[in-house]
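Residues per chain are reported as follows:
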Amino acid sequence: MKTELLLPAGTLDKMRAAYDFGADAVYAGQPRYSLRARNNEFKLDALKIGIDEAHQRGKKFYVASNLLPHNSKVKTYLADMEPVIEMKPDALIMADPGLIMMVREKWPEQAVHLSVQANTVNYAAVKFWQKMGLTRIILSRELSMDEIAQIRQECPEMELEVFVHGALCIAYSGRCLLSGYFNHRDPNQGTCTNSCRWDYKVHETENTDAGDVQPQVIKFDLQQAWDEQNDSFSSTEIKRHPLADKTYLIEEATRVGEMMPILEDEHGTYIMNSKDLRAIQHVEKLIKIGVDSLKIEGRTKSLYYVARTAQTYRRAIDDALAGRPFNPELFAELEGLANRGYTPGFLERHQSHETQNYISGYSSSKNTQYVGDVLEIDEQGWALIDTKNKFKVGDQIEIIHPSGNQIVQLEQMLKDGEPVSEAAGGGHFVRIPNMQGKEKALLARIL
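Small disclaimer: the values here were computed from a predicted structure and weren't measured. In this convention, every chain numbers its residues from 1, walking through the sequence in written order. In keeping with the predicted nature of the model, local features appear solely for residues at pLDDT of at least 70, side-chain atom pairs appear and are counted solely at 80 or more, and the whole-chain, interface and lining totals rest on all residues. Processing note: side-chain calculations cover all non-hydrogen atoms of the structure and skip hydrogens and water entirely.

K.L.:
Outline the pattern of salt bridges, listing residues and values.
P.N.:
The term salt bridge refers to a pairing of a side-chain nitrogen on Lys or Arg with a carboxyl oxygen on Asp or Glu at a separation within 4 Å. Taken as a whole and judged by the stated rule, the model has 23 salt bridges. Here glutamate 161 and arginine 136 are joined by a salt bridge, their closest N and O atoms 2.7 Å apart. You can see glutamate 161 sitting in strand 7 (residues 159-166) and its partner arginine 136 sitting in strand 6 (residues 136-138), a full 25 residues away along the chain. What makes glutamate 161 buried here is its relative accessible area of 1%. Of the charged contacts, one joins glutamate 333 and arginine 308 as a salt bridge, the two residues approaching to 2.7 Å between their closest N and O atoms. Within this pair, whereas glutamate 333 is found in helix 11 (residues 329-335), its partner arginine 308 is found in helix 10 (residues 303-321), the two being separated by 25 residues in sequence. Only DSSP runs of H or I covering at least 4 residues are called helices, and only runs of E covering at least 2 are called strands; the numbering of each starts at the N terminus. Only protein chains enter the calculation, and the probe is 1.4 Å; a residue is then buried if its accessible area is under 20% of its type maximum, exposed if over 50%, and partly exposed in between.

K.L.:
I'd like a description of the packing of aromatic side chains, backed by residues and values.
P.N.:
Only the six-membered ring of Trp is used, alongside the rings of Phe and Tyr, when aromatic pairs are assigned; centres must lie within 6.5 Å, and planes under 30 degrees apart are stacked while those over 60 apart are edge-to-face, with the rest tilted. Evaluation of the coordinates by the stated rule reveals five aromatic pairs. When the centroid spacing of 5.9 Å and the interplanar angle of 65° are considered together, the rings of phenylalanine 42 and phenylalanine 61 count as edge-to-face. Separated by 19 residues along the polypeptide, phenylalanine 42 in the loop between strand 2 (25-29) and helix 2 (44-56) and phenylalanine 61 in strand 3 (residues 60-64) bring together distant segments of the chain. Judged by relative accessible area, which is 0%, phenylalanine 61 ranks as buried. The interplanar angle of 75° and the centroid separation of 5.3 Å between the aromatic rings of phenylalanine 326 and phenylalanine 331 together place this pair among those described as edge-to-face. According to the relative accessible area criterion, phenylalanine 326 is partly exposed, its value standing at 22%.

K.L.:
Describe the pairing of strand 16 (residues 383-387), and please don't skip the residues or the numbers.
P.N.:
Counting buried residues along strand 16, five of its five residues qualify, which places the element largely inside the surrounding structure. Burial along strand 16 is two-sided: Ala383, Ile385 and Thr387 facing one way and Leu384 and Asp386 facing the other are all buried. Sheet topology note: the strand 15 (residues 368-377)/strand 16 ladder contains five bridges and is antiparallel. What sits directly across from valine 374, in strand 16, is isoleucine 385. Any two strands are treated as partners once DSSP identifies two or more bridges connecting them. Turn length for the strand 15-strand 16 hairpin, with the two strands adjacent in sequence and antiparallel, is five residues, and the turn residue glycine 381 shows positive phi of about 90°. Bridge count between strand 16 and strand 23 (residues 429-432): four bridges; the pairing is antiparallel. Among the inter-strand pairings, alanine 383 is bridged to a residue of strand 23, identified as isoleucine 432.

K.L.:
Explain the nonpolar core to me, using residue names and the numbers behind them.
P.N.:
Of all hydrophobic cores here, the largest spans 90 residues; its most connected members are Leu7, Phe61, Leu139 and Ile148. Ranked by residue count, the leading element in this core is helix 10, at nine residues. Residues are treated as being in contact if the distance between any of their heavy atoms lies within 4.5 Å. Ignoring anything within four residues of it in the chain, the contact list for leucine 139 reads Val116, Thr120, Val126, Ile148, Ile151, Leu160, Glu161 and Val162. Buried Ala, Val, Leu, Ile, Met, Phe, Trp, Tyr and Cys residues form a nonpolar core when they are joined through side-chain atoms within 4.5 Å.

K.L.:
Can you break down the environment of isoleucine 85 residue by residue, with the values?
P.N.:
Within the fold, isoleucine 85 resides in helix 3 (residues 71-86). Residue classification places isoleucine 85 among the buried positions, given a relative accessible area of 9%. Put simply, isoleucine 85 and glutamine 110 are 25 residues apart on the chain and 7.6 Å apart in space, counted from C-alpha to C-alpha. Aside from chain neighbours lying at most four places away, what touches isoleucine 85 is Leu92, Trp107 and Gln110.

K.L.:
Describe unusual backbone geometry, with residues and values.
P.N.:
Excluding glycine, a negative phi dihedral is what most residues carry, and trans is how most peptide bonds are arranged. One non-glycine residue, asparagine 119, lies in positive phi territory at about 55°. Relative to the helices and strands, asparagine 119 resides in the loop between strand 5 (112-114) and helix 5 (123-131). Classification of asparagine 119 by relative accessible area gives buried; the value is 15%. Of note, lysine 440 is a non-glycine position whose phi angle comes to about 60°, a positive value. Relative to the helices and strands, lysine 440 resides in the loop between strand 23 and strand 24 (442-446). What makes lysine 440 exposed here is its relative accessible area of 64%.

Right under this line is the structure:
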């Protein structure tokens, strides 16, 4: 089986871009029953269009139905899913055992994939779900490549899917309570407000006579704490974290005086904002392990994000399948995407010095910024651009297109038929020349 590249689809346009730029399959979900209740256009009509278009192109379309429901949604589930099943999605992505039981009983022919939300971290759990009739397991993001390899060896007949790019949670994937605590918007019901990424301050505490704690402001350098922790991992001596075994209070910037206790241990603090997963350098190894599907996160991300990640990971997969060595220039292709810094996550604990050097070198060699979408091209080759960020005549522009990318120097620009030297940014429309054959291209400025 060829390794599948699986992309997110928050809209039909993003679905089409994913396929155009190399995806084999996409996943989308109904707002009521997936973990993307916001910014999600896939109600029944859009799902029907998406599934039909996917099958016309020989692609696959998976429907996420992976929330952990309360009783009210259990009561409506089967009736609401009936029209979805009739559309013949290639699989449902599910997490709740009760809903899975109900689907397996009513529609035993419907393929079901176990969501990462179920946090599968061992081969015994994979075997359990295989006995329940599931056809694929989306493994927890918290697994190393060695653990994935062991699961593959123990469960040779089960399809395995692994995340390789996108946001990481601060709890076991998806199972976070911060948003529900602060805003009564439960991540497990699809309404996460990303509370883990807000601005927090750390306060030291001292014990009171009653055995409680009260705050005392301290200075805390999170990066320094991480550096010290990484140093301890590289040593054979087990070192305690400088803040180990003490209780601290965190305070969110807009909730002054609302203190929340946290306990530090030798591994540091993980409640703060995580870097984003980028595992493109591990694609070859994951394919050799026998992972069936490589998955990219981001149903609420931009069209540019979908196109760029699809194109870049497609090249990595194709290179690996053809026996070509990993091209470190692919790191640079992902640098222009909005990110909070990149990490290989739990797939590897350390990067070698050699890997660190070429990651840094290639990532900084080509930094780009998304600047616009091509809406239409006239007979003279002038393209109408929906601008996203500022760019100007004289800039080097990367034209990102399924047929191949091209870097050009922008020599002319028109606005309302008149020459201009600069596109002011988002919400403006300009025309640029020499764009024949580049329908639906995306533009990025080389920084």
